[in-house]
Structures are given as structure tokens and as C-alpha cells.
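Analysis of the macromolecular model
The primary structure of each chain is shown beneath.
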Amino acid sequence: MAVVYDLGAAGIIDIVTALEDFAVPIFICPDSGHEEYPTDLMSEFGVLCDIRGMDFTDAVERIRELSPEGIVTYSDYQLELTSRLAAELGLLFHTPAVVQGLTRKSVQRQLLNASGASAVSSELVTDRHSLLDAFARTGGPAVLKPDVGTGSRSTYRIHDVQDAEHAAAEVFPNRAESGAHESFVLEAEIPSSPTENPWADYVSVDSAVFHDRIEHMAILGKFPLAEPYRETGSFFPAHLPPHTAAAVTSLVSRAIRGLGIRLGVCHTEVKLSPDGPQIIEVNGRLGGRVNELVRQTGGPSLVRLAVELALCRSAPATPRMVDAWDPSCIAFLYAKPPPSEAKRLLTLRGVEQLRDSPEISRVTVEYEEAATLDWRQGRLANVYVCYGEVGTHARLFQLVSEINRTVSLSFEH
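First, a word on what this report is: a plain description of the structure on this page.

Calculation rules
- Residues numbered from 1 in each chain as written.
- Predicted model: local features only at pLDDT ≥ 70, side-chain atom pairs only at ≥ 80, totals over all residues.
- Heavy atoms only, no water.
- Helix = DSSP H or I, 4+ residues; strand = E, 2+ residues; numbered from the N terminus.
- Buried < 20%, exposed > 50% of the residue type's maximum accessible area, 1.4 Å probe, protein only.
- Polar contact = N/O pair within 3.5 Å; in protein donor to acceptor, adjacent residues only side chain to side chain.
- Contact = heavy atoms within 4.5 Å.
- Axes fitted to C-alpha atoms, helices over the stretch in contact; angles between N-to-C directions.
- Left-handed = near helix turned anticlockwise from the far one by under 90°.
- Nonpolar A, V, L, I, M, F, W, Y, C, P; charged D, E, K, R; others polar.
- Pairing = 2+ DSSP bridges.
- Salt bridge = Lys/Arg side-chain N within 4 Å of Asp/Glu carboxyl O.
- Core = buried A, V, L, I, M, F, W, Y, C linked by side-chain atoms within 4.5 Å.
- Phe/Tyr/Trp six-rings, centres within 6.5 Å; stacked < 30°, edge-to-face > 60°.
- Lys NZ or Arg CZ within 6 Å of the ring centre and 35° of its normal.

1. With respect to the side chain of Asp76
Of note, Asp76 is situated in the loop between β4 (71-73) and α4 (79-89). On the basis of relative accessibility, which here comes to 12%, the residue Asp76 falls in the buried class. At 2.7 Å, the side chain of Asp76 and the side chain of Arg285 are in polar contact. Aside from chain neighbours lying at most four places away, what touches Asp76 is Thr103, Thr150, Asn283, Gly284 and Arg285.

2. As for the packing of helix α1 (residues 12-19) against helix α11 (residues 302-311)
At a closest axis distance of 8 Å, the pairing of α1 and α11 adopts a crossing angle of 65°. Between α1 and α11 lies a crossing of right-handed hand. Contacts between α1 and α11 pair Asp14, Ile15, Ala18 and Leu19 from the former with Val303, Arg304 and Val307 from the latter. Broken down by class, the residue content of the contact of α1 with α11 amounts to 5 nonpolar, no polar and 2 charged.

3. Structural notes on the sheet that holds β4
Strand order in the open sheet formed by 4 strands is β3-β2-β1-β4, and the pairing between neighbours is parallel. At either end of the open sheet lies a strand with only one pairing partner, and these are β3 (47-50) and β4. The sheet shows a mean angle of 25° between the axes of neighbouring strands, taken without regard to direction. In this structure, strand β1 (residues 2-4) lies alongside strand β2 (residues 26-29), joined through 3 bridges in parallel fashion. The residue bridging Ala2 from the neighbouring strand is Ile26, located in β2.

4. Examining unusual backbone geometry
Cis geometry is found at the peptide bond from Gly140 to Pro141, where omega equals -5°. Structurally, Pro141 is set in the loop between α7 (128-138) and β6 (142-146). With an omega dihedral of -5°, the bond running from Glu227 to Pro228 counts as a cis peptide bond. The phi torsion at Ser154 lies on the positive side, around 45°, for a residue other than glycine.

5. What about the side chain of Lys145?
Tracing the backbone shows Lys145 in strand β6. In this structure Lys145 touches Lys105, Ser154, Thr155, Phe184, Val185, Glu187, Ile280 and Glu281, once residues within four positions along its chain are discounted.

6. Here's the deal with the pattern of salt bridges
This structure, assessed with the given rule, holds 24 salt bridges. In this structure, Asp76 and Arg285 form a salt bridge, with 2.7 Å as the shortest nitrogen-oxygen distance. Linking Asp76 in the loop between β4 and α4 with Arg285 in the loop between β13 (276-283) and α10 (290-296), this pair joins segments that are 209 residues apart in sequence. Comparing Asp76 with Arg285, the two get one shared label, buried. It is possible to trace a salt-bridge network through shared partners that takes in Arg109, Lys145 and Glu187.

7. A few points about the pairing of strand β17 (residues 384-390)
Looking along a regular strand, one sees side chains alternate from face to face of the sheet. The buried fraction of β17 is high, at 6 of 7 residues. When strand β16 (residues 360-365) meets β17, the two strands line up antiparallel, connected through 5 bridges. From the neighbouring strand, Ile360 faces β17, where its bridge partner is Gly388.

8. Brief notes about the environment of Val252
Mapping Val252 onto the fold places it in helix α9 (residues 242-258). Separated by 173 residues in the primary sequence, Val252 and Leu79 place their C-alpha atoms 20 Å from one another. Sequence-distant contacts of Val252, that is, excluding residues within four places in its chain, are made with Val205, Ser207, His216, Thr268, Val270 and Ile279.

9. Quick notes on the nonpolar core
Judged by nonpolar contacts, the single largest core of 41 residues is most densely connected at Ile71, Leu85, Ile261 and Ile279. Top contributing element to this core by residue count: α9, with 6 residues. The contact partners of Ile71, leaving out residues within four places of it in the chain, are Met1, Ala2, Val4, Thr82, Leu85, Ala86, Leu91, Leu92, Phe93 and Ala310. Ranked by size, the runner-up nonpolar core spans 40 residues in total, among them Met1, Ile12, Leu293 and Val303.

10. Some words on the packing of aromatic side chains
Applying the stated criterion across every chain, the model contains 9 aromatic pairs. Here the aromatic residues Trp199, Phe223, Phe235, Tyr334 and Phe397 are joined through ring pairs into a cluster of three or more. In this structure, Arg362 packs its charged tip against the face of Tyr387, placed 3.9 Å from the ring centre.

Following this line, the structure appears as C-alpha cells:
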């Protein structure tokens, strides 16, 4: 079983544990922005296939020698390569056309609007001039984000022309011709619903797809965003009334079909707008840390499910791809991003006290004192991340308040 690796939503231990006594992983290490692969672990628990520095034809032959029976990736950035490898090796995966809709936000929004899964105006912008022209047509508030990107990286909220000019100066730092920088998408902001609960007004859904069958495995709730659109974590299961959950999953099914997805696991973000659910975006892989949160509640391994789907050439024999289960607790991931104006972390106090809590299973510190910060890195700029589980949603809200009181941070602006 070939796994195209790039530090995605599933780590080595997740993959090895999921495939124990089921399949031997072939870890494919491509050229990427993350060159420090855990090759020792890959060799110990599977088969290492390092294709860094190879041209595509040689890489295909190297992989072919290992006779993989399926191929999968858990990283957005390797969807295109995985699709090309699958086509050459005769394995099941997203087609190149589907990958375009999954990785390029401009293409995806066109397909979603055409399928009725969203109704959001969107324009591709490639330089300062096209951004300002697009904003003149779209108006505010609007969202500016990379056409290809994940994790809330360089995502701006544009209220007025001054915001548009400021963002344009940052994302297009010189007046070079179109195409000199990465492309961005300017979209009308989906309106927010007033809410009386403490959670964010959007959720995510992880779904299994096998041809015409779509099964929604998990709906995750979200903590409120940090400005402008930075995620602060997730919890499972979400706190949604049944009729809202049904409307959300129905819309996600429409979006999956509209993008032409026929196989695999998808992660979809959905805004709960005043006019009903609206698709924010669809990702062609398992959501980050979703497998861990689902497993904490007694659920199945979604990492393994993605592999099972990749290996299937006929519909699974069981009536459902995932057996229903009752979550035994509420699992959560709570992240602390810096303020958008913060340039450097000065002090971080209280993290050790969090580790003493029986409801917090793990705390990771991502930045040490004196580290340089940049909010445009999105989730990669989080100062610390807490993982744990509680018994009720009410208790989760209390615990997050306790975390914020326990940990103190100061910043240089």
C-alpha cells in the first residue's frame, strides 16, 4: 500500500497503527517543502521509497518495482503527484480534473456554484490591479486567500478599499507583471449567523466516498476564529441539533458530487449562514487531527478507512463503510494563535500547569520565548496546542476558559 507522505493529516504512528495486520505501508517521500522525513521509522515499520531528486519517469519505475496495490495521501500538497502516480501505476485515486477542483480554490468555487452547493461570488486575482478591480466589483466584507493553500495561511478580511490596498501590498509586494507571484482568490464573505452558544458558526465534515455511495463519518465543531480567519481548534462530536446536522451533510453530499469525487475520504468546511449551510471549501483528504479526535471517542480509524477505500475495486460487503458508534466523550484540540499584530513572543507562562489536568492529555509548545511570529502562517503560527477529552460540551466551554486563565502570554508588537 503506497502512502505519498508530506507531514499531512496523518503521522507515521497513525498510519502504522492503522495498517497493523492489514497492509504493509510503502512510504513514498517526494520533493516537498518538508525535507526532514522520519525515514528511520519508515524503514522500520514499512518500506521506504525515497524519490527525492528523481524525475517523474524514474520515480514511477522505482515505485512500480515495489508492486503497490493501492495509493493514498493525507496531504493537500501531494494530491496532484499522487493522482499522476496513480494514473501511471493503474491504481485508484482522484483524477487530475478532480484534483484541480480540490486544490485550486478558484476552480472549486466555480464548480460548487454550478452544482448549487454554494452561491458565493469569487474571482481569481494575480496582481495588485486585478485585486483592486475585483474588490470594486465584489465589495466588502470579502475574503482574500491563496488559490492553493491550507491552514488559514495568508487569509485576509477585506472591509474597504484601504484593506484591499494594504493586503495587495503584502501579497503582491512589487508591481511585477501578472504571474510573478502566487495567485489569490477574492470571495464575498459568507454571512455569519447570530448564535447564543460559545462555538464558531461553522463545522467540518469528514466523509467516505465510494463511487455513488457517500457516508458522513464525523461532524466536528469549532472554537471561534481568531482574527481574521485563523482556526483555534476543533471538537468531536459537534454541538448541533439533528435538523442542522442533516442539512449540513446533505449539502456536503451535493458538493462532493459537484466536484466529481468518486473515491476516498474528504474533509469539508461548512458555514452556518442565516440562509442555511454554505460550503467554505472541500479538501480531498482526511482532516487534520480528525482521526485522533474520532479515535479518542471510541470511533474507527479513518486513516485505515482511507486505505481500505484505496484498495477496494468493488463496493465493501458491509451495508455501511463505517459502523455507527456512540462517542464515549467529547475530544478536543484547542490552539492558541498570537494576536495578528504580534511580532515576537516575549513570555509564555502556565503551560506546565495545564499538563497536570486530568482532562488534558497532551500540550505541545510550538514557539519558545523570543521566537519571531507571523499571523500569516495561519495554524503554523499557533503558540501552543492542547489535546484532551471531557464529558459534556458545557464542561468543554468551562475548560477552555480555564486554559486561557492559566496560560499567560506577552508579545512584542
